[in-house]
Amino acid sequence: MTSSMRRVPLVQRALVASSAGRRGRHVLALAGASDWRRALIDTAGAALINTAGTARLPAAEAWRWPHADVADIGAALAARIDGIRVLGAVLPRQPDRQRLSLLAEIRGNGSCELVVVKLGLPDTGIEREAQALRLLAADPLPCIRTPQVIDDGTWSARPSAGDSPASSVAYIVTTALAIDAQRAALDEPLRTFEHDLAERLGALDRPDDTPADHVPVHGDLTPWNLRRTPRGLVLFDWEEAGWGPAGSDLEAYRQACGSLPRRRLRR
């Protein structure tokens, strides 16, 4: 990436570009903290960036994403999307780092739009997310907004280990929805969610061995993916979209809600 990266004190997973300025605060929201303590730390970090910018933050230690050279990612995106600039990165929770999330902006014709970029290996969810979001753009869910796909595809990337052969990296660029005004959505009734999703994702790729009684599912329906915003509910992270047992989305959502300290998280 073309700009050096900075770290925000006490914030573990987010890195911001030194040139991001006050817009770097949005990178912290992209991490989607579900724990109330982490949410407070992220809020304090965003306030620090909003006050002082990013240039004075301490430099981030060298970091790697095994599947593509970090220095090449910004250039690869710029070759595909005019006017795109990376503002920061959210490091994956998983140690094997199969996916990487970036916040970027696209400037052009006097406008500036925040976008989310996800990178991953082919056939690990990026393509499924793009397909699901395009189906939902054509026929939106009632009362639940989803990101819009701006661009997606693959490129031949040079891995961070210099002696490794080039490999393909899949990417998707989507709109960033209410990124500075959202919180985990707890105990939403979602009475018609399953039915509404089945009506809209029936054309989703279905493996040959899928049981006949399986239905289209989000695959990761949790309060930190279903977010409450000033304009209503937004549902993110469709990498696990596919086919699954009826009721599995709602059961996963209820279990996740039950595991969170709801009173403190709401506050």
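Whatever comes next refers back to the structure up there.
Described below are features of the structure shown in this document. (Residues numbered from 1 in each chain as written. Predicted model: local features only at pLDDT ≥ 70, side-chain atom pairs only at ≥ 80, totals over all residues. Heavy atoms only, no water.)

## Structural notes on helix α6 (residues 248-258)
Of the positions making up α6, those classed as buried are Asp249, Leu250, Tyr253, Ala256 and Cys257. When α6 is viewed along its axis, its buried side chains cluster within an angular range of 130° and face the same direction. In α6, the exposed residues that point more than 90 degrees away from the buried face are Arg254, Gln255 and Gly258. (Buried < 20%, exposed > 50% of the residue type's maximum accessible area, 1.4 Å probe, protein only. Helix = DSSP H or I, 4+ residues; strand = E, 2+ residues; numbered from the N terminus. Arc of directions from axis to C-beta.)

## Some remarks on the nonpolar core
Residues Trp63, Trp65, Leu77, Leu102 and Leu119 are the most contacted members of the largest nonpolar core, which totals 44 residues. Other than its neighbours up to four places away in sequence, Leu77 contacts Ile84, Val86, Leu102, Val117, Trp155 and Tyr171. In this structure, Ile126, Val149, Ala170 and Leu221 belong to the second largest nonpolar core, which totals 28 residues. (Core = buried A, V, L, I, M, F, W, Y, C linked by side-chain atoms within 4.5 Å. Contact = heavy atoms within 4.5 Å.)

## Here we look at the environment of Leu204
Within the secondary structure, Leu204 sits in the loop between α5 (193-200) and β10 (215-217). In sequence terms Leu204 and Ala132 are 72 residues apart; their C-alpha atoms lie 6.7 Å from each other. Setting aside residues no more than four positions away along its own chain, Leu204 makes contact with Arg128, Gln131, Ala132, Leu135, Ala241, Gly242 and Trp243.

## Structural notes on the pairing of strand β2 (residues 14-17)
Every second residue of β2 is oriented toward a common face, with Ala14 and Val16 on one face and Leu15 and Ala17 on the other, all of them buried. Bridge count between strand β1 (residues 5-7) and β2: 3 bridges; the pairing is antiparallel. Note on β2: the bridge partner recorded for Met5 is Ala17. Counting the residues that bridge the hairpin from β1 to β2 gives 6 residues, and of these Leu10 lies at a positive phi of roughly 75°. (Pairing = 2+ DSSP bridges.)

## Thoughts on the environment of Asp72
Relative to the helices and strands, Asp72 resides in helix α3 (residues 70-80). When its relative accessible area of 29% is taken as the criterion, Asp72 is described as partly exposed. Separated by 2.8 Å, the side chains of Asp72 and Arg158 make a polar contact. (Polar contact = N/O pair within 3.5 Å; in protein donor to acceptor, adjacent residues only side chain to side chain.)

## Concerning the sheet that holds strand β11 (residues 226-229)
The strand order across the open sheet built from 4 strands is β6-β12-β11-β9, with neighbouring strands paired in mixed fashion. Strands at the two margins of the open sheet, each flanked by one partner only, are β6 (144-145) and β9 (183-184). Summarising the sheet, β11 and strand β12 (residues 232-235) pair through 4 bridges and their orientation is antiparallel. Note that in β12 the partner of Arg228 across the bridge is Leu233.

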